[in-house]
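Below, each chain spelled out in residue letters.
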Amino acid sequence: MQLINNRLEHFVEGLSQQWRWTNTIGIARSVLALGTLITLLFNNVFDLLEPLGMRAGVENFSSMAKISIYNLLSGNIVLTKWISIAILLLVISGWRPRITCILHWWVAFSFSSSAMVLDGGDQITATLTLLLIPICLMDSRKWHWSNDPHPVEAFSTRQKIAGLAALCSLAV
């Protein structure tokens, strides 16, 4: 077991020395955010969203759907639309990927779980933003548009393995 652990650690160390933060993940995050942003900007929010619990004939909700921004602030659906737009604009701007990755997932998940009319793209966006969280949490850049010439050094082997697993899950 120790031999496998040493080999895995050596493999991950080698990969982390080659890893450089580029704007590739930033482009992917921005495209995902842009899709949801366009939907929110160019559609009537009352046609798109109905607060959880207001749907006719629906009595039980998943516990996850209750954390939707559109459920938490269901009293003012227009305010939640503009909060979502502000978060998506922050994501597109590239500011602090470590912080905005969680907010981005929250908005994407909220929209996916609260919208009355869905296409597959909304659910794919929610899934991809969830899968991007471990990667973005390791990103210490102030802007995801900048390149960081330094390899990832400030993380433990376990954190690097988690990042590698997240990358592999994105590749599948």
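Before going into details, it helps to say that this report is about the structure given with it. (Residues numbered from 1 in each chain as written. Predicted model: local features only at pLDDT ≥ 70, side-chain atom pairs only at ≥ 80, totals over all residues. Heavy atoms only, no water.)

1. Brief notes about the nonpolar core
- Ranked by size, the top nonpolar core spans 16 residues in total, and within it Leu-40, Leu-48, Leu-49, Tyr-70, Ile-77, Leu-88 and Phe-111 carry the most contacts.
- Going through the elements one at a time, α2 (24-41), α3 (45-48), α4 (69-72), α5 (77-93) and α6 (97-114) are the ones with two or more residues in this core.
- Top element by residues in this core is α5. It accounts for five residues.
- Among all residues touching Leu-40, those that are not within four sequence positions of it are Leu-48, Tyr-70, Lys-81, Ser-84, Ile-85, Leu-88 and Phe-111.
- By size, the runner-up hydrophobic cluster in this structure holds 11 residues, among which are Ile-25, Leu-32, Cys-136 and Met-138. (Core = buried A, V, L, I, M, F, W, Y, C linked by side-chain atoms within 4.5 Å. Buried < 20%, exposed > 50% of the residue type's maximum accessible area, 1.4 Å probe, protein only. Helix = DSSP H or I, 4+ residues; strand = E, 2+ residues; numbered from the N terminus. Contact = heavy atoms within 4.5 Å.)

2. Quick look at the packing of aromatic side chains
- Scanning the model with the defined rule gives one aromatic pair in all.
- Ring geometry for Trp-105 and Phe-109: centres 5.2 Å apart, planes at 20 degrees, overall stacked. Placement of both Trp-105 and Phe-109 in helix α6 is noted, with a separation of four residues, approximately one turn of the helix. Each of the two residues, Trp-105 as well as Phe-109, counts as buried. (Phe/Tyr/Trp six-rings, centres within 6.5 Å; stacked < 30°, edge-to-face > 60°.)

3. Section: empty space enclosed by the protein
- In the structure shown here, the tally under the stated rule is one cavity of 30 Å³ or more.
- Approximately 30 Å³ is the volume found for the largest cavity.
- Residue lining of the largest cavity: Arg-29, Cys-101, His-104, Thr-129, Leu-132 and Cys-136, and that is the complete set.
- For the lining of the largest cavity, the secondary-structure elements that each account for two or more residues are α6 and α7 (120-137). (1 Å grid on protein atoms, 1.4 Å probe; cavity = no way out; pocket = protein on both sides within 12 Å on 5 of 7 lines; lining within 4 Å. Points joined across faces, edges and corners; volume = space filled by probe spheres on them.)

4. As for the packing of α2 against α5
- Their axes nearest at 9 Å, the elements α2 and α5 cross at an angle of 155 degrees. Accordingly, the angle class assigned to the pair α2 and α5 is roughly antiparallel. Viewed along their axes, α2 and α5 form a crossing whose handedness is left-handed. In contact with Arg-29, Ser-30, Ala-33, Leu-34, Thr-36, Leu-37, Leu-40 and Leu-41 of α2, α5 contributes Lys-81, Trp-82, Ser-84, Ile-85, Leu-88, Leu-89, Val-91 and Ile-92.
- Classifying every residue of the contact of α2 with α5 gives 11 nonpolar, three polar and two charged. (Axes fitted to C-alpha atoms, helices over the stretch in contact; angles between N-to-C directions. Parallel < 35°, antiparallel > 145°, perpendicular 65-115°, else oblique. Left-handed = near helix turned anticlockwise from the far one by under 90°. Nonpolar A, V, L, I, M, F, W, Y, C, P; charged D, E, K, R; others polar.)

5. Side note on the environment of Ser-84
- By the element assignment, Ser-84 lies in helix α5.
- On the basis of relative accessible area, Ser-84 is assigned to the buried category, the value being 0%.
- Note: C-alpha distance between Ser-84 and Val-107 (23 residues apart in sequence) is 6.0 Å.
- If we skip the residues at most four places from it in the chain, Ser-84 touches Leu-40, Ile-69, Tyr-70 and Val-107.

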